[in-house]
Amino acid sequence: MDAGTIRLLEFLYPPKSVFRIPVYQRKYEWTEEQVNKYFLDIENIALNDEIEGHFLGTVVFVKSSFPNMGSDYIIIDGQQRITTTFLFLKALYNSIDSENTKSDIKETYFENRNVDEEFKYKLISVEDDRKDFLELLIHDKYDRPSKIHMNYKRLVYLIQHSKATSEQLLNALEKVRIVYIELEQGKREENPQIIFESLNSTGLSLTESDLIRNFLLMNETPSVQEHLYKNYWLLIEEFLTNSKIPDFIRDYLTMKTAVIPNKNKVYQNFKYYMHKNSLSSETVLRDLLKFSGYYSKMLNPKSDNKIIQNHLMVIVQLKSTVTYPYLLRLFDNYYGEKEISTEQFVNILTIINSYLIRRAIVNFPTNALNKVFSNLGKEANKKKDIQSEEDSVAEYLLSRTGSALFPRNEKLKESILNEDMYNRNHRLVKLILSQIEIQTHKEIVDFEEVSIEHILPATLTPSWRVELGDNAIDDHKLYKDVLGNLTLTNYNAEMSNQSFNDKISYYKNSNIKITRDICDYDTWNKDSIHSRGLKLYKQILDLCPIPEEKDNVGKVKEVKSDTYYSVFELLSVTGKKPKTLMIDDKEFVVNSWKNTLITYLKWLADFDLEQYLELPKQKAFQKLLSYTDEVLRKGENVLSLYVETNLSAQSIYNYISSLTEFYDMEDDVFIRLDV
């Protein structure tokens, strides 16, 4: 490594040299504000003779050679400053009258003589910028809405309106200095990627996507970089916008590892994944390209199969991005590996949407879903040799408990008939009614164009008080926002608070059948709303069926030796001795149920001591844990808490299950028994 300071124009001076912005770098994207600051710093030097110089910043590069004895400066960091300087030189060139000065600028900073055509021009921008720069440099054309052309015009404007002459500004530019860092190609301790990351941590605003792209390409030779960029990364960017790539890679990593990376640590997790699996850049890019195509289909659902397209559209409308890690695997099974049929693919999407919609209707929290769908692929993969993907998905989702429960019919019915769904989630109401229309009546509904109509209006008018009878105020309050009182319409404003008889004429002419069906009612009151709610409930059962529960669901399993069981499974452990407790893929050898319980409690304390110390306040654990041993039959101190150890094997197993549910770790704790 060589480092020091140098005048900027001296750095750009060497003949037969090019300054190459490698393909993995971002496009030139300095803002007008940054260009203004760049110019004002130079203008300040031009107007003040006392100022001897100005530091522009750091330029990091790797230098190599090309035919005919030239130097190739591969710019690792500083490309925005270098590119702006070339634009400034071009603007000065066009504003200076002296032909000698113009010739010096052109021959020194723009062109190389007696070199191959590839190296004729000293700045080799990234491909997206190259055409715009050469159009400006060679043909004086700058009419495109690119940063290259816009910032050039800005510099021209600033020069024209400056108190300093063009010659003074050029002389000032000669006083500008940079810090240079030259790295040696192939030297491990001078890895450009590590240097680049260090610079980025000091404040250069690169996205996770930028860092990942650079990591994949930076340590390759220029020709390999070009190959990987054009044949993989550029195609990934065509599938996905740059802002979506970090989300995609996060979901890709979750699919591969069943671990959800922190949004701010996607790049670090990606590096770890590649190093751990000894993967080459091309291997990973090839896989990313395949899965980015699937991801694009998920974000913008399009399919020749309208049922598949509709299922995917529902997931988009629900904003259920937590499903994406599993859907990536599912898409590969269907579109890539062709391991499942179209019927199975549709059935799995139906199960997933039933799970999502039912949970939304009963207002279950969504935070539990991250873990459900990050683990779904792993769990299905364990059973791929003994049952179908469809059966594995159904079994896994049906077996969820606690906050991840698959809502059963009675809970669903209660929510549909009694809960205020409109104010809680009016987009969900629109989605459900639209899907009933599409699935049941095959009518085409423009989701964004239709609006929700309150049949019994939100405002209680005199005519509606008569319609509802003596309990009008209470009935209005209780039933106006339940699903049974809501429908879809294209002319909500026209109906407003009109009476039921007046609204019927609008409903008759509706192109939406669930709205036309309201005409079957002679009056509209709480009984009508309840009746229609029951009808919608039955249609939702068809729309969101619950998979058939296997005979063994809810029954005690027969325990076998040397088999790991989730602590959520119904096991009879009386007379059986525990051998191994596995928590988050780490095994702990145990020799008794008491030892198993204490091992688990110590792990929980280490995992989150503050939450562990709060456990005795939970009603479910007050017979197990206490701050004193006075209330326990046989208390033992475990990290500041007293634990009841005078318990049967079954009681301890049940407490371990309850603790696991409380910590939302149902997919992370397993036990192996000696039968």
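Model, not experiment: these values are computed from the prediction. (Residues numbered from 1 in each chain as written. Predicted model: local features only at pLDDT ≥ 70, side-chain atom pairs only at ≥ 80, totals over all residues. Heavy atoms only, no water.)

Student: Can you walk me through the overall build of the chain in this structure?
Tutor: When you go through the chain residue by residue, the secondary structure sums to 30 helices and 15 strands. For a compact globule of 675 residues, the expected C-alpha radius of gyration is about 26 Å, and the chain comes in at 34 Å, more than 25% above that figure. Buried residues in the chain amount to 50% of all 675 residues. A separation threshold of at least 6 residues defines the contact pool for the chain, and within that pool the share at least 24 residues apart is 68%. Accessible surface, the chain as shown: approximately 32800 Å² in total, 47% of it carbon and sulfur. One finds the centroid of the 85 positive side-chain charges in the chain at a distance of 3 Å from the centroid of its 100 negative side-chain charges. (Helix = DSSP H or I, 4+ residues; strand = E, 2+ residues; numbered from the N terminus. Rg over C-alpha atoms; globule rule 2.2 N^0.38 Å. Buried < 20%, exposed > 50% of the residue type's maximum accessible area, 1.4 Å probe, protein only. Contact = heavy atoms within 4.5 Å. Areas by Shrake-Rupley, 256 points an atom, 1.4 Å probe, with all protein chains shown as cover. Lys, Arg positive; Asp, Glu negative; His and termini not counted. Charge placed at Lys NZ, Arg CZ, Asp CG, Glu CD.)

Student: When you look at empty space enclosed by the protein in this model, what are you seeing that I'm missing?
Tutor: Within the structure shown, the criterion is met by 2 cavities of 30 Å³ or more. Within this model, the second largest cavity holds a volume of roughly 40 Å³. When its residues are assigned to classes, the lining of the second largest cavity shows 3 nonpolar, no polar and 4 charged. (1 Å grid on protein atoms, 1.4 Å probe; cavity = no way out; pocket = protein on both sides within 12 Å on 5 of 7 lines; lining within 4 Å. Points joined across faces, edges and corners; volume = space filled by probe spheres on them. Nonpolar A, V, L, I, M, F, W, Y, C, P; charged D, E, K, R; others polar.)

Student: Where do I start with the packing of aromatic side chains in this structure?
Tutor: Scanning the model with the defined rule gives 38 aromatic pairs in all. On the numbers, 6.4 Å between centres and 65 degrees between planes, the contact of Phe607 with Tyr663 is edge-to-face. With Phe607 in helix H28 (residues 593-607) and Tyr663 in the loop between helix H30 (649-662) and strand E15 (669-674), this pair connects stretches of sequence that are 56 residues apart. The exposure class of Tyr663 is buried, given its relative accessible area of 8%. One aromatic cluster is present, built from ring pairs that chain together Phe248, Tyr252, Tyr273, Phe291, Tyr294, Tyr295, Tyr324, Phe331, Tyr334, Tyr335 and Phe345. The ring of Tyr335 has Lys297 lying over it, and the distance from NZ or CZ to the ring centre is 4.8 Å. (Phe/Tyr/Trp six-rings, centres within 6.5 Å; stacked < 30°, edge-to-face > 60°. Lys NZ or Arg CZ within 6 Å of the ring centre and 35° of its normal.)

Student: Is there a simple way to think about unusual backbone geometry in this case?
Tutor: Among all residues save glycine, negative phi is the norm, and among peptide bonds the norm is trans. The phi dihedral of Asp584 is positive, around 50 degrees, even though this residue is not glycine. Even without glycine at this site, Asp585 takes up a positive phi of about 70 degrees. Among the secondary structure elements, Asp585 is positioned in the loop between strand E10 (577-583) and strand E11 (586-589).

Student: It is not clear to me how helix H21 (residues 426-441) should be interpreted in this structure. Could you clarify?
Tutor: Because each turn of an α-helix spans 3.6 residues, side chains separated by three or four positions end up pointing in the same direction. Its 16 residues give H21 an end-to-end C-alpha distance of 22 Å, which sits within 8% of 22 Å, the value for a rise of 1.5 Å per residue. Taken as a whole, H21 has its buried residues at Leu428, Val429, Lys430, Leu431, Ile432, Leu433, Ser434, Gln435, Ile436, Glu437 and His441. (Expected span 1.5 Å × (residues − 1).)

Student: Help me understand the sheet that holds strand E4 (residues 70-77) in this model?
Tutor: Strand pairing in a sheet takes place through backbone hydrogen bonds and is either antiparallel or parallel in direction. Pairing is mixed in the open sheet, where 6 strands are placed in the order E1-E6-E3-E4-E2-E5. In this open sheet, the two edge strands, each paired with only one partner strand, are strand E1 (2-7) and strand E5 (123-124). Bridge count for strand E2 (residues 17-20) against E4 is 4 bridges, and the pairing is parallel. The residue of E4 that forms the bridge with Val18 is Asp72. Relative to strand E3 (residues 54-66), helix H3 (residues 79-95) is tilted by about 95 degrees, and along the sheet it contacts E2, E3, E4 and E5. (Pairing = 2+ DSSP bridges. Axes fitted to C-alpha atoms, helices over the stretch in contact; angles between N-to-C directions.)

Student: Before we go on, may I ask you to explain the pairing of E3 in this structure?
Tutor: It is a general feature of regular strands that their side chains alternate between the two faces of the sheet. Across 8 bridges, E3 lies against strand E6 (residues 176-183) in parallel orientation. The partner of Thr58 across the bridge, within E6, is Val179. Pairing of E3 with E4 involves 7 bridges; the strand directions are antiparallel. Bridging across to E4, Ser65 finds its partner in Ser71.

Student: So what exactly am I meant to see when it comes to helix H5 (residues 127-139) here?
Tutor: In a regular helix each residue adds 1.5 Å, so 13 residues correspond to 18 Å; H5 covers 18 Å between its end C-alpha atoms and thus fits that length. For H5, the set of buried residues is Asp129, Asp132, Phe133, Glu135, Leu136 and Leu137. Lining the buried residues of H5 we find H3, helix H4 (99-110), E5 and helix H6 (147-160). One or two steps after H5, the chain reaches Asp140, where phi turns positive at roughly 55 degrees.

Student: Can you help me understand the pattern of salt bridges in this one?
Tutor: Side chains that differ in charge, positive against negative, can pair when their charged atoms come close. Using the criterion set out here, one finds 27 salt bridges in the structure. Notably, a salt bridge pairs Arg329 with Glu389, separated by 2.7 Å at the nearest N-O pair. Residue Arg329 is found in helix H15 (residues 324-336), and its partner Glu389 is found in helix H18 (residues 389-398); the two are separated by 60 residues along the sequence. Of the residues examined, Arg329 reaches a relative accessible area of 15% and is grouped as buried. Sharing partners across several salt bridges, the network here consists of Arg26, Glu29, Asp210 and Arg213. (Salt bridge = Lys/Arg side-chain N within 4 Å of Asp/Glu carboxyl O.)

Student: What exactly am I supposed to notice about the nonpolar core here?
Tutor: Looking at soluble globular proteins, one finds that nonpolar side chains tend to be buried together. Counting 72 residues, the largest nonpolar core has Leu216, Ile249, Phe270, Leu288, Leu327 and Phe373 as its most contacted members. Each residue touching Phe270, except ones within four places of it in the same chain, is listed here: Ile212, Phe215, Leu216, Ile249, Leu253, Val284 and Leu288. Judged by nonpolar contacts, the second largest core, of 51 residues, contains Tyr28, Tyr38, Ile42 and Ile75. (Core = buried A, V, L, I, M, F, W, Y, C linked by side-chain atoms within 4.5 Å.)

Student: Whenever I open this one, the packing of H15 against helix H17 (residues 369-382) confuses me. Can you help?
Tutor: Relative orientation and spacing of two packed helices are given, respectively, by the angle between their axes and the distance between those axes. Their axes nearest at 6 Å, the elements H15 and H17 cross at an angle of 35 degrees. From H15, Pro325, Tyr326 and Arg329 reach across to H17, where they touch Phe373, Leu376, Gly377, Ala380 and Asn381. Each residue belonging to the contact of H15 with H17 can be placed in one class, and the counts come to 5 nonpolar, 2 polar and 1 charged.

Student: Help me understand the side chain of Ser296, please; the structure alone is not making it clear to me.
Tutor: Mapped onto the elements, Ser296 comes out in helix H13 (residues 281-299). With sequence-adjacent residues up to four places away left out, Ser296 is seen in contact with Phe239 and Leu240.

Student: Explanation requested: the sheet that holds strand E9 (residues 564-566) in the structure shown.
Tutor: With antiparallel pairing, 4 strands are arranged side by side in an open sheet as E9-E15-E10-E11. If you trace the sheet from one side to the other, it starts and ends with E9 and E11, each paired once. The average undirected angle you get between the axes of adjacent strands in this sheet is 30 degrees. Note that E10 and E11 share 4 bridges and pair antiparallel. Each bridged residue has a counterpart across the sheet, and for Ile583 the counterpart in E11 is Lys586.

Student: Help me understand the pairing of E10 in this model?
Tutor: Along E10, 5 of the 7 residues are buried, which leaves the element largely enclosed by surrounding structure. Relative to E15, E10 runs antiparallel, the two being bridged by 6 bridges. Each bridged residue has a counterpart across the sheet, and for Leu581 the counterpart in E15 is Ile671. Counting the residues that bridge the hairpin from E10 to E11 gives 2 residues, and of these Asp584 lies at a positive phi of roughly 50 degrees.

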